[in-house]
Amino acid sequence: MEQTHQLITKSVTREEVERPLIILLNPADDFLEHRGDRVPLGLLQISAYLKMHGIKNTLIVDLNHDSLSTFIRFCQDHQPEYVSIGVSTPNYQQSVNIARTIRNVSPTTRLIAGGNHITDIPTETLTLETFDYAVTGDGELAMLEIVMGQHARGIIANRQVKDLNILPYPDYDAIPLERYTMTIDGKKATTVITSRGCKFSCFYCGSAHTGWRPRSAEHVVGELEMLYQLGYRAFYI
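What counts as what
Residues numbered from 1 in each chain as written. Predicted model: local features only at pLDDT ≥ 70, side-chain atom pairs only at ≥ 80, totals over all residues. Heavy atoms only, no water. Helix = DSSP H or I, 4+ residues; strand = E, 2+ residues; numbered from the N terminus. Contact = heavy atoms within 4.5 Å. Areas by Shrake-Rupley, 256 points an atom, 1.4 Å probe, with all protein chains shown as cover. Lys, Arg positive; Asp, Glu negative; His and termini not counted. Charge placed at Lys NZ, Arg CZ, Asp CG, Glu CD. Pairing = 2+ DSSP bridges. Axes fitted to C-alpha atoms, helices over the stretch in contact; angles between N-to-C directions. Buried < 20%, exposed > 50% of the residue type's maximum accessible area, 1.4 Å probe, protein only. Right-handed = clockwise from strand over helix to strand, strands pointing away. Expected span 1.5 Å × (residues − 1). Polar contact = N/O pair within 3.5 Å; in protein donor to acceptor, adjacent residues only side chain to side chain.

Asker: Describe the overall build of the chain, with residues and values.
Answerer: A count of helical and extended segments in the chain gives eight helices and 11 strands. For the chain, the C-alpha atoms occupy an extent of roughly 45 × 35 × 35 Å along the three principal directions. Across the chain, the fraction of contacts at a sequence separation of at least 24, relative to all contacts at a separation of at least 6, is 69%. By element, 52% of the accessible surface of the chain is carried by carbon and sulfur atoms, the whole surface being about 12,000 Å². In the chain, 22 positive and 27 negative side-chain charges are present, and the distance between their average locations comes to 2 Å.

Asker: Any chance you could break down the sheet that holds strand S5 (residues 133–135) for me, citing the residues and the numbers?
Answerer: Taken together, six strands build an open sheet; the order of strands is S2-S1-S3-S4-S5-S6 and the sheet is parallel. Strands with a single pairing partner mark the edges of an open sheet, and in this sheet they are strand S2 (58–62) and strand S6 (154–156). Neighbour-to-neighbour, the strand axes of this sheet turn through a mean angle of 20 degrees, independent of strand direction. With three bridges joining them, S5 and S6 adopt parallel strand pairing. Looking at the pairing, Val 135 lines up with Ile 156 of S6. Packed on one face of the sheet, helix H3 (residues 68–78) meets strand S1 (22–26), S2 and strand S3 (82–86) and runs near 160 degrees to S1. Of the strands in this sheet, S1, S3 and strand S4 (110–114) touch helix H4 (residues 92–105), which is tilted by about 170 degrees from S3.

Asker: How would you explain the pairing of S1 if you had to name every residue and give the values?
Answerer: Among the five residues in S1, five count as buried, and that is most of the element. Burial along S1 is two-sided: the residues Ile 22, Leu 24 and Asn 26 and Ile 23 and Leu 25 are all buried. Considered for its hand, the β-α-β crossover made up of S1, helix H2 (residues 41–52) and S2 is right-handed. The pairing of S1 with S3 spans four bridges and is parallel. Paired with Ile 22 across the two strands is Tyr 82, which belongs to S3.

Asker: Before we move on, could you go through H4 and cite the residues and values that matter?
Answerer: The periodicity of an α-helix, 3.6 residues per turn, causes residues three or four positions apart to be oriented the same way. Between its first and last C-alpha, H4 extends 20 Å over 14 residues, near the 20 Å set by a 1.5 Å rise per residue. Burial in H4 covers these residues: Tyr 92, Ser 95, Val 96, Ile 98, Ala 99, Ile 102 and Val 105.

Asker: Can you tell me about the side chain of Arg 213, naming the residues and giving the values?
Answerer: Counting through the fold element by element, Arg 213 comes out in strand S10 (residues 213–214). Taking relative accessible area as the criterion, Arg 213 reaches 9% and is therefore assigned buried. There is a polar contact of 2.8 Å between the side chain of Arg 213 and the backbone oxygen of Val 161.

And the structure:
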């Protein structure tokens, strides 16, 4: 049964919403057996990075749990400045359809596509016709630069975070944690990313030629301690 994000259901006027309003959208993972059981970690990371740089009004919407129709009405009523969609290959057409609907109800909203599918195939005509920006690779720097007005419309390629230890921990405060029911051996669990990229060059992999970038042990342990305080007792690394 779909639930709806609390902010979307609040009775607030467009004028009462702090600007810019930035929505980070996770499409429904209909192709997964246990869809919506784990947090949208990439979006939590981008949200935390934007907030670290003073951009506070980010809203994470997860369509594994939130109502699409309610979200579209919210866009129509509040005209967000940016909507960024995490695109995988299985949800590509869904992402395009959602973006087109947002464009119809909120024509001034700038639409951003990121994620694995865009990283692998950023030049698809449908992508470039539908979205204002197509982001490949890491999303944090690119998203901040877009919001700061540093990029024209088009492909933003490989704005890589060289030192992962400068990143804040994922923004777990931005989501209702009770929605996410992932367990490992019966223990409440979540995912943790300890490195990015790869030093190898497998032709089928989006991480080829990106270089391996590990986090320090101290940085990882700090995140694990934070997650332990939130009630997590198992980690998928």
